[in-house]
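Coordinate inspection notes
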Amino acid sequence: MTQLESIMAANRRFTKPNAFPPLPKSPKKQLAIFTCMDTRLVDFLEPAMGLKRGDAKVIKNAGNIIVDPMAGAVIRSLVAGVFMLGVEEIFVIGHRDCGMAQLDAESVKRDMIQRGISQDVIDIHVPDLKQWFGIFAHPVENVERVVKIIRHNPLIPKDVPIHGLIFCPNDGHLDVVVDGYSQESFAAHIL
Ligand code: ZN
């Protein structure tokens, strides 16, 4: 059975008429989370935060990185969340043991070439692969940096607290990196 067939079979077992009460589009808890796409966070981060379906907007990318501070997809989603969908607080949540920390850009480049992406395409479109990916040294530093980027974005109102947290994908523990109410940073204690 292919992945697609297996997913469609699971879906036929999952859906039942009227099993799920309709929910509003706006998050019940008026918050947005920006986190990593790491598979260990699926069905784990939200329960660890006491959140359920319908409670929060969740934006994900590889490493919860912002490489385009003004017009990137993450900022657009956050601005849409604040102005169209009732988001009142933002949580940037990195995690320990993140694959995007210390990623070896040269090895990725070699894999790309091996899979048929030409050196020319790489040179033209992603000459600095490390910068393009937004690779960081430590997830805590990245959370602190991303909180600052969102805080300083002129399209995000100043009355929206931007919190920074770090999550353990093994035991579900959260630490506060930046308290968005006071803007106090605890990164130095956590690193
Ligand atoms: Zn990650």
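All figures in this text were calculated on a predicted structure; none of them were measured in a lab.

Criteria and cut-off values
Residues numbered from 1 in each chain as written. Predicted model: local features only at pLDDT ≥ 70, side-chain atom pairs only at ≥ 80, totals over all residues. Heavy atoms only, no water. Buried < 20%, exposed > 50% of the residue type's maximum accessible area, 1.4 Å probe, protein only. Helix = DSSP H or I, 4+ residues; strand = E, 2+ residues; numbered from the N terminus. Arc of directions from axis to C-beta. Contact = heavy atoms within 4.5 Å. Salt bridge = Lys/Arg side-chain N within 4 Å of Asp/Glu carboxyl O. Patch = residues over 30% accessible without salt bridge, like charges linked within 9 Å, V, L, I, M, F, W, Y side chains within 5 Å. Areas by Shrake-Rupley, 256 points an atom, 1.4 Å probe, with all protein chains shown as cover. Pairing = 2+ DSSP bridges. Axes fitted to C-alpha atoms, helices over the stretch in contact; angles between N-to-C directions. Donors = N, O, S within 2.8 Å, 3.2 Å for Na, K, Ca; no water. Phe/Tyr/Trp six-rings, centres within 6.5 Å; stacked < 30°, edge-to-face > 60°.

1. Observations concerning helix 4 (residues 105-114)
Note: α-helices contain 3.6 residues per turn, so residues at a spacing of three or four share the same orientation. Those residues of helix 4 not exposed but buried are Ala105, Val108 and Lys109. Taken down its axis, helix 4 places every buried residue within 100 degrees of arc, on the same side. Residues Arg110 and Gln114 are exposed on helix 4 and point more than 90 degrees away from its buried face. Where helix 4 is buried, its residues contact helix 5 (119-125) and helix 6 (129-133). After helix 4 finishes, the residue glycine 116 shows a positive phi value of roughly 100 degrees.

2. As for the pattern of salt bridges
Under the definition given, this model contains 3 salt bridges. Aspartate 97 is the salt-bridge partner of arginine 40, the closest N and O atoms lying 2.8 Å from each other. On the criterion of sequence distance, the pair formed by arginine 40 in the loop between strand 1 (31-36) and helix 2 (45-48) and aspartate 97 in the loop between strand 3 (89-95) and helix 4 is long-range, its members being 57 residues apart. What makes arginine 40 partly exposed here is its relative accessible area of 29%. Taken together, the shared-partner salt bridges connect Asp38, Arg40 and Asp97 into one network.

3. Observations concerning a nonpolar patch on the surface
On the surface, a nonpolar cluster with roughly 310 Å² of combined accessible area is contributed by Leu4, Ile7 and Met8. In this structure, isoleucine 7 sits in helix 1 (residues 3-14).

4. Description of the sheet that holds strand 1
The 6 strands lie next to each other as 2-1-3-4-5-6, forming an open sheet whose pairing is mixed. Bordering the open sheet on either side are strand 2 (56-61) and strand 6 (184-185), each of which pairs with just one other strand. Strand direction decides the pairing type here: strand 3 and strand 4 (residues 162-167), joined by 6 bridges, are parallel. Pairing of phenylalanine 91 across the sheet is with histidine 163, part of strand 4. Where helix 3 (residues 73-84) meets the sheet, its contacts fall on strand 1, strand 2 and strand 3, and the angle it forms with strand 2 comes to roughly 175 degrees.

5. Remarks on the coordination of the zinc ion
The protein atoms donating to the zinc ion are Cys36 (SG), His95 (NE2) and Cys98 (SG), with metal-donor distances spanning 2.0 to 2.3 Å. Here the donor residues for the zinc ion map to a single chain with the spacing C-x58-H-x2-C. With cysteine 36 in strand 1 and histidine 95 in strand 3, this pair connects stretches of sequence that are 59 residues apart. Both residues of the pair, cysteine 36 and histidine 95, belong to the buried class.

6. Some words on unusual backbone geometry
A positive phi is found at asparagine 64, a non-glycine position, where the angle reads about 35 degrees. The buried category is assigned to asparagine 64, whose relative accessible area is 1%. Phi is positive for glutamine 183, close to 60 degrees, though the residue is something other than glycine. Checked against the element boundaries, glutamine 183 lands in the loop between strand 5 (174-179) and strand 6.

7. Notes on the packing of aromatic side chains
According to the stated counting rule, one finds 3 aromatic pairs in the structure shown. An angle of 65 degrees between the planes, with centres 5.6 Å apart, marks the rings of phenylalanine 44 and phenylalanine 167 as edge-to-face. With a gap of 123 residues between them, phenylalanine 44 in the loop between strand 1 and helix 2 and phenylalanine 167 in strand 4 connect regions that are remote in the sequence. Taking the relative accessible area as the measure of exposure, phenylalanine 44 reaches 27% and is therefore partly exposed. Under the relative-accessibility criterion, phenylalanine 167 is labelled buried at 0%.

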